[in-house]
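Here is how the chains run, residue by residue.
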Amino acid sequence: MSDQPSPRRRGVRAISELLPAQQRRALRQYGFLKVEIVNRWTEIVGPTFAQSTLPAKLSFPPGKRNGGTLTVTVDGPVGLHLRHVEPQIVERVNGFFGYPAVARLAIRQGPVPQPMPRPAAPPPLDARTMAHLQHALSGIGNTNLRQAMARLGQAVLTDNPHETGDISHATLGRAAKA
């Protein structure tokens, strides 16, 4: 037997490492060369249009990768307004791509899913509690692990203020298991 691990066993991988590849494959079926156009739609068109529009498909003339048609799903009466600002939207999309990928928009009426609201950031810990947390984590040599444990400790201590008096490795260990 060889000492090499089998190709199927590459160790534990974070789901975030796998998701972009899966997302790219799925979105390429709909003509998206860059997944980021969907992920960064709010940055491209602004928050007002992002609430009621969503890119649905990008199609190009045969054999070309420019002068395409971006199909945008719109919710409600936004389609008429989008038609009036089409040149600006096309310019923003092309600015995102870095070349004239889109020549026109095709508007399709339909429901646009609303993004999930982001949870509010927890309130900051007081200086004494933060100093105790930093001291408890000072023995961790790996910077990334120490920062992750600090975020976890802050979240746990924000949710469980009664534990702020005794921050120890045992407390952080209980938090990691929870």
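Right above here is the structure, for reference.
Calculation criteria
- Residues numbered from 1 in each chain as written.
- Predicted model: local features only at pLDDT ≥ 70, side-chain atom pairs only at ≥ 80, totals over all residues.
- Heavy atoms only, no water.
- Buried < 20%, exposed > 50% of the residue type's maximum accessible area, 1.4 Å probe, protein only.
- Helix = DSSP H or I, 4+ residues; strand = E, 2+ residues; numbered from the N terminus.
- Arc of directions from axis to C-beta.
- Polar contact = N/O pair within 3.5 Å; in protein donor to acceptor, adjacent residues only side chain to side chain.
- Salt bridge = Lys/Arg side-chain N within 4 Å of Asp/Glu carboxyl O.
- Pairing = 2+ DSSP bridges.
- Axes fitted to C-alpha atoms, helices over the stretch in contact; angles between N-to-C directions.
- Contact = heavy atoms within 4.5 Å.

K.L.:
Honestly, helix α7 (residues 127-137) in this entry has me stumped. Any pointers?
P.N.:
Residues that lie three or four places apart on an α-helix share one face, since the helix turns once every 3.6 residues. Listed in full, the buried residues belonging to α7 are T129, L133, A136 and L137. Down the axis of α7, the buried side of the element spans an arc of 95 degrees, and every buried residue falls inside it. Opposite the buried face of α7, by more than 90 degrees, sit the exposed residues A127, R128 and H135. Its side-chain oxygen at 3.2 Å from the backbone nitrogen of R128, D126 defines the N-terminal cap of α7.

K.L.:
Explanation requested: the pattern of salt bridges in the structure shown.
P.N.:
What the rule picks out here adds up to two salt bridges. Two residues, R40 and E43, come together in a salt bridge whose shortest N-O distance is 3.2 Å. We classify R40 as partly exposed; its relative accessible area is 36%. We note a salt bridge from R83 to E86, for which the minimum N-O separation is 2.6 Å. Residue classification places E86 among the buried positions, given a relative accessible area of 15%.

K.L.:
So what exactly am I meant to see when it comes to the sheet that holds strand β2 (residues 68-74) here?
P.N.:
One key point about sheets: their strands pair by backbone hydrogen bonds, in either a parallel or an antiparallel sense. Read from one edge of the open sheet, three strands run β1-β2-β3, paired in mixed fashion. Two strands in the sheet have a free side with no partner beyond their single neighbour: β1 (53-59) and β3 (102-109). Neighbouring strand axes in the sheet, compared pairwise and without regard to direction, differ in orientation by 25 degrees on average. Of the strands in this sheet, β1, β2 and β3 touch helix α6 (residues 86-97), which is tilted by about 120 degrees from β3.

Note that all results are geometric; they support no functional claim without further evidence.
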